[in-house]
Each structure stands twice: as C-alpha cells, then as structure tokens.
Amino acid sequence: MSIGNSPAEERPSDDGPSLGETLRQARAKAGLRVEDLSASTRIRVPLVQAIENDDFSQCGGTVYARGHLRALARAVGLDPEPLLARYDAEHGGGASLPTPAAPLFEAERIRPDRRRPNWTAAMVAAIVAVVAFVGFTVVSGGDEPAGTKRHAAEGAPATHSASPSPSASPSESPSPADPSESAVAAVPADKVTVKLSVPERRSWVSVKDHTGRSLFDGVLEQGQHKTFTDAEQVDLVLGDAGAVRVYVNGKPIADKFRPGQVQRLSYTKGDPAEG
C-alpha cells in the first residue's frame, strides 16, 4: 500500500486544520521550536517539518509514520489516538497493521543514525570486566558484594537488601518512587544536586551539566529515580513534566505541570527556586 501521496493529496476535504497543521498549532501553543520537538522526540528536524506540512512520504512506511505521529502528539500535549485514527482514515494505515506496532517507534526508541557498534570490542571489554571482577572478589575475601551494592545505579530497583537500618543510603531505599526527606537530605553543599523520580508513570528526560555535556538521555520507567550532580548547574528537559518529581539540593520542587507537558528547567547551587 503506497503512502507516497503528495502533501496536497493528504489534506482533508473539510475546512478544519489538517494533521500537520494540528501538530504545528499545538507546538506553537506549547512555546516549542521545531528544534525543541526534534530534541525531545529524537525525530530529525526535516522530518518534523515535513509532517507538519502533511508530507508523510519521508517517514519510510505506514508503521513509521504512525510512530512518528504518536511521538509528536505526545510531545506537544495532544492525545495521539484521535490523530492516529484520522491518519488511518486518510491513508488507510490501520488496515495493513495486524498488530499495534506504533509503540516500537515512540520517542524513546527512535535514535539518530550512528556508526554500527563494534560488537567484537564490546565482547572483549565484557570478558575483561568479568575477569577483573572475579579476581578482585577473590583478593578482597568476599567483601565486594557489599561494596557493589553501595555503588549500584540509583535508578535500578534493589534485588536484595540488608536488614533495615535508619542510616541506609538513598540507593538502598525500598521505595525509590517516593523518596523520604532522609533519602535526599545528604547532598554536597558546594555542588548542585538534582534528583528525579517517576512514581506513577514513565517519562523521557534529558539531563546536561553546565558545559552542555549529556548526563542522561532516555526514559525513566515507573518507580525509578536518578540523581545528578554538577559543580555549577544542571539543565533538564522533561518529556512528561507532570509525571516527574524533582528534588533540588535535598528539597522537593512543588511545580504544578500538566500531564504530557514538555518542560525545560535549570538549577544551580542557590536553588531550589520553584517554577
């Protein structure tokens, strides 16, 4: 089934806004540039512009077009389902899809083109890491598991824990989705520390330090949390700001963001400052 219709052929016959115009109006209302939308959805700028002009021929197929449409709708705060139903009615996209394939191409799964990974080097590195871990465990007399637990990634849920203790570190907390005051109180005074948690649903987030270096770019699944530290400033882009709880320098930020709202935030050592 061809989807290579020209932009003029894809516009609806009624007087209302087309799919592309609907997305463009929602983006403008949210105060986002095309570049902002590209950064939050991982969809290339020329492709975003083509879709806003009702040109879906560059998407590479019906499944990809529906995935891009879903990701863009969510990023500008629209319900994607009515837009997908309208796309299917105008392009016949739904008839050729035996299963709902669009989630495979949501924002967090669409990545920019890169060089193919060097699997041989990755396998060698993994083998070296395993050998080094085993050797260090033998030399340290079996004490390494406790140390490993102390350095576990903060966003990962614990698979086992020691007996409960009032002095347990934040990464050992049994409920990362709702960190207590004690879990975020111990922060360095000479740095800015930002903690993100998603207790109710997942959200895409992007985190950069004061030099613009990426500290994290991906999805926090429901129940996860991560902490980021920099000497001067931490910059955030929250794909679904209403789903994210933010703690800055040990204190919660009581922002009232709408579900699905894209929000850009920056914090320094002098914060928190709400809003």
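Throughout what follows, the structure given in this document is the object of discussion. Since the model is a prediction, treat every value here as computed from it, not as a measurement.

Calculation notes
- Residues numbered from 1 in each chain as written.
- Predicted model: local features only at pLDDT ≥ 70, side-chain atom pairs only at ≥ 80, totals over all residues.
- Heavy atoms only, no water.
- Pairing = 2+ DSSP bridges.
- Helix = DSSP H or I, 4+ residues; strand = E, 2+ residues; numbered from the N terminus.
- Axes fitted to C-alpha atoms, helices over the stretch in contact; angles between N-to-C directions.
- Salt bridge = Lys/Arg side-chain N within 4 Å of Asp/Glu carboxyl O.
- Buried < 20%, exposed > 50% of the residue type's maximum accessible area, 1.4 Å probe, protein only.
- Arc of directions from axis to C-beta.
- Contact = heavy atoms within 4.5 Å.

1. Topic: the pairing of strand S5 (residues 233-238)
Working step 1: Summarising the sheet, strand S2 (residues 203-208) and S5 pair through four bridges and their orientation is antiparallel. Counted as the bridge partner of Val 205 is Leu 238 from S5.
Working step 2: Sheet analysis places S5 next to strand S8 (residues 263-268), joined by six bridges and oriented antiparallel. The partner of Val 237 across the bridge, within S8, is Arg 264.

2. Let's talk about the sheet that holds S8
Working step 1: Strand order in the open sheet formed by four strands is S3-S2-S5-S8, and the pairing between neighbours is antiparallel. Looking at which strands have only one partner, the edges of the open sheet turn out to be strand S3 (214-220) and S8. Along the sheet, successive strands turn relative to each other by an average axial angle of 15°, direction set aside.

3. Focus on the pattern of salt bridges
Working step 1: The full count for this structure, using the stated rule, is 11 salt bridges.
Working step 2: Its salt-bridge partner being Arg 42, residue Asp 217 comes within 3.2 Å of it at the nearest N-O pair. Of the two residues, Asp 217 sits in strand S3 while Arg 42 sits in the loop between helix H3 (34-41) and helix H4 (45-52), which places them 175 residues apart along the sequence.
Working step 3: Residue Glu 200 is joined to Arg 201 by a salt bridge in which the shortest nitrogen-to-oxygen separation is 4.0 Å.
Working step 4: On the basis of relative accessible area, Arg 201 is assigned to the partly exposed category, the value being 28%.
Working step 5: If you follow the salt bridges from partner to partner, you end up with Arg 33, Asp 36 and Arg 264 in one network.

4. Some thoughts on helix H2 (residues 19-29)
Since one α-helical turn is 3.6 residues long, residues separated by three or four positions face the same way.
Working step 1: For H2, the full list of buried residues reads Leu 19, Gly 20, Thr 22, Leu 23, Ala 26 and Arg 27. The arc that holds the buried residues of H2, viewed along the axis, is 160°, so those residues lie on one side. Facing away from the buried side of H2 by more than 90 degrees, the exposed set consists of Ala 28 and Lys 29.
Working step 2: In this structure, the buried residues of H2 make contact with H3, H4, helix H5 (62-75) and helix H6 (80-91).
Working step 3: Of the residues one or two after H2, Gly 31 is the one with positive phi, at around 75°.

5. Regarding H3
Working step 1: Counting buried positions along H3 gives six out of eight residues, so the element sits mostly inside the fold.
Working step 2: The complete set of buried residues in H3 reads Val 34, Asp 36, Leu 37, Ser 38, Ser 40 and Thr 41.
Working step 3: Tucked inside the fold, the buried residues of H3 contact H2, H4, H5, S2 and S8.
Working step 4: Taken from the residues just after H3, Arg 42 is the one with a positive phi, measuring 65°.

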